[in-house]
Amino acid sequence: MGVKSAPDLAAVAAAYALPGVLVAGEPYGTGHINDTYRITVAGPAGPVRFILRRINRLVFPEPELVVANTIQVCRHLEAVYRRRGETDGDRRRQVPVATRDGAWRHVDSAGDWWCAFRFQEGTVGRDEIGSEQEAWQAARAFGRFLRDTADLPPERMAETIPGFHDGRRRLADLEAAAAADACGRAPGAAAELAFVRDHRPIVADVVRLLVSGALPRRVTHNDTKCNNVLLDAATGEGLCVIDLDTVMPGSALFDFGDMVRSFVSAAPEDDPDPERARLRPGIFAALAAGWLEPLADVLTAAEREHLLLGARLIILLIGTRFLTDHLRGDVYFKTRRPGHNLDRCRNQFQLLADLEARQADLQRILRALP
Ligand code: GN1
Ligand code: MG
């Protein structure tokens, strides 16, 4: 996707009710969609840092839905923590900052929408999970997020991207991109196209369970990548779930699935050697234990039973989306080199094949957990 020009961070910051003027600002994080910046303002009591986030309008054509969902979740979590008497509730959720006009978003001169949040000092995010302890902590934070939003009615949340984890839509998009073959890349991706076609039954199985109502609809995060949890830098505790732009009605299987996808591989998502994308069973066991701990009384038996199906679905769908974007000419995910999306796709498919080869062991691990 084309890189947008560097924004005038001082002008954006000036729109917000911040305790001072901007003295520094830099790009922050490794997200593939939105543009995130960390800024420092000189406050009366010293420097204070904030996050400014520019919403990608091509991906989110209705940015007001993203803002409304985000604020709703932040407020809900604030109320939950207050009710529980948690004294550090503001470290456990994103804290949005209002503009001088009292709005939750600023629209800049180019028409782009921005949101601002307090920067969570003393926390770290991980692009890759380094240990079982980290996996357990990060997964528990996502489990708490699902638990703490369980009483938020899904119908109150907008679909910020309609059909985001709808497998039928993603498969159809891929077939359309392959048929159009806008960049002449389909012949070079024949093996990956065949892989997706062989795996279509995963989508059919999930659709059946969702349509029949066997799996409940919940408010889900839908982008439970390991770098979307902030860990306490001192204790390692999983504290705060971030990146709320795809929080919307979904299935618990999606959140479990994207954690498996992003936590367990021995290689980064875009490792040019897909052979390295192997599943680490110890990390899988730790993430499952951490995620299920807060959810013991929340998940249904059907959800518990089909968690691995959720992992297979999400790995297949994200790989399919990388492949679709490759065929379309890299118009969606930010890329940094030719073939970047194809590398990502191959990685996901190798991981899925490895997971399927170990499925019986992984199911045993899940069944043994409380
Ligand atoms: C995108 O923006 P980011 O990096 O959190 C994508 C996710 C993918 C992920 C793959 C809105 O997430 O669905 O799983 O890349 N987000 C959107 O790394 O498409
Ligand atoms: Mg995201």
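As a reminder, the structure under discussion sits directly above these lines.
Quick caveat: nothing in here was measured; it's all calculated off a predicted structure.

**Considering the pairing of strand β3 (residues 46-54)**
Here's step 1: Of the strand pairs in this sheet, strand β2 (residues 35-43) and β3 are connected by 9 bridges, and their pairing is antiparallel. The residue bridging I39 from the neighbouring strand is F50, located in β3.
Here's step 2: Turn length for the β2-β3 hairpin, with the two strands adjacent in sequence and antiparallel, is 2 residues.
Here's step 3: Relative to strand β6 (residues 113-118), β3 runs antiparallel, the two being bridged by 5 bridges. If you follow F50 over to β6, its bridge partner there is R118.

**Quick look at the coordination of the magnesium ion (ligand 2)**
Under perfect tetrahedral coordination by four donors, a metal shows angles of 109.5 degrees; under perfect octahedral coordination by six donors, it shows angles of 90 or 180 degrees.
Here's step 1: Around the magnesium ion (ligand 2), the donor atoms from the protein are D223 (OD) and D243 (OD), and they sit 1.9 to 2.0 Å away. Placement of the pair is D223 in the loop between β8 (218-220) and β9 (229-232) and D243 in the loop between β10 (238-241) and β11 (248-250), with a sequence separation of 20 residues. For the pair D223 and D243, a shared accessibility class is recorded, and that class is buried.

**Here's the deal with the packing of aromatic side chains**
Here's step 1: Using the criterion set out here, one finds 7 aromatic pairs in the structure.
Here's step 2: Arranged with centres 6.2 Å apart and planes meeting at 85 degrees, the rings of F256 and F284 form a pair that is edge-to-face. Taken together, the residues F256 in helix α7 (residues 252-263) and F284 in helix α8 (residues 281-292) connect sequence positions 28 residues apart.
Here's step 3: Under the relative-accessibility criterion, F256 is labelled buried at 0%.
Here's step 4: Taking the centre distance of 4.8 Å and the plane angle of 70 degrees together, the rings of Y332 and F333 count as edge-to-face.
Here's step 5: Accessibility expressed as a relative area gives 22% for Y332, which makes it partly exposed.
Here's step 6: Relative accessible area serves as the criterion here: at 6%, F333 is assigned to the buried category.
Here's step 7: Of the aromatic side chains, those joined through ring pairs into one cluster are F256, F284 and W291.
Here's step 8: The ring of F119 carries R38 above its face, with NZ or CZ at 5.0 Å from the centroid.
Here's step 9: When the ring centre of W113 is taken as origin, the NZ or CZ atom of R105, which lies over that ring, is 4.9 Å away.

**Quick notes on the side chain of D35**
Here's step 1: Along the chain, D35 turns up in strand β2.
Here's step 2: The exposure class assigned to D35 is buried, which follows from its relative accessible area of 16%.
Here's step 3: Reaching out from D35, the side chain makes a polar contact with the side chain of K334 at a distance of 2.9 Å.

The rules we used
- Residues numbered from 1 in each chain as written.
- Chains lettered and ligands numbered in written order.
- Predicted model: local features only at pLDDT ≥ 70, side-chain atom pairs only at ≥ 80, totals over all residues.
- Heavy atoms only, no water.
- Pairing = 2+ DSSP bridges.
- Helix = DSSP H or I, 4+ residues; strand = E, 2+ residues; numbered from the N terminus.
- Donors = N, O, S within 2.8 Å, 3.2 Å for Na, K, Ca; no water.
- Buried < 20%, exposed > 50% of the residue type's maximum accessible area, 1.4 Å probe, protein only.
- Phe/Tyr/Trp six-rings, centres within 6.5 Å; stacked < 30°, edge-to-face > 60°.
- Lys NZ or Arg CZ within 6 Å of the ring centre and 35° of its normal.
- Polar contact = N/O pair within 3.5 Å; in protein donor to acceptor, adjacent residues only side chain to side chain.

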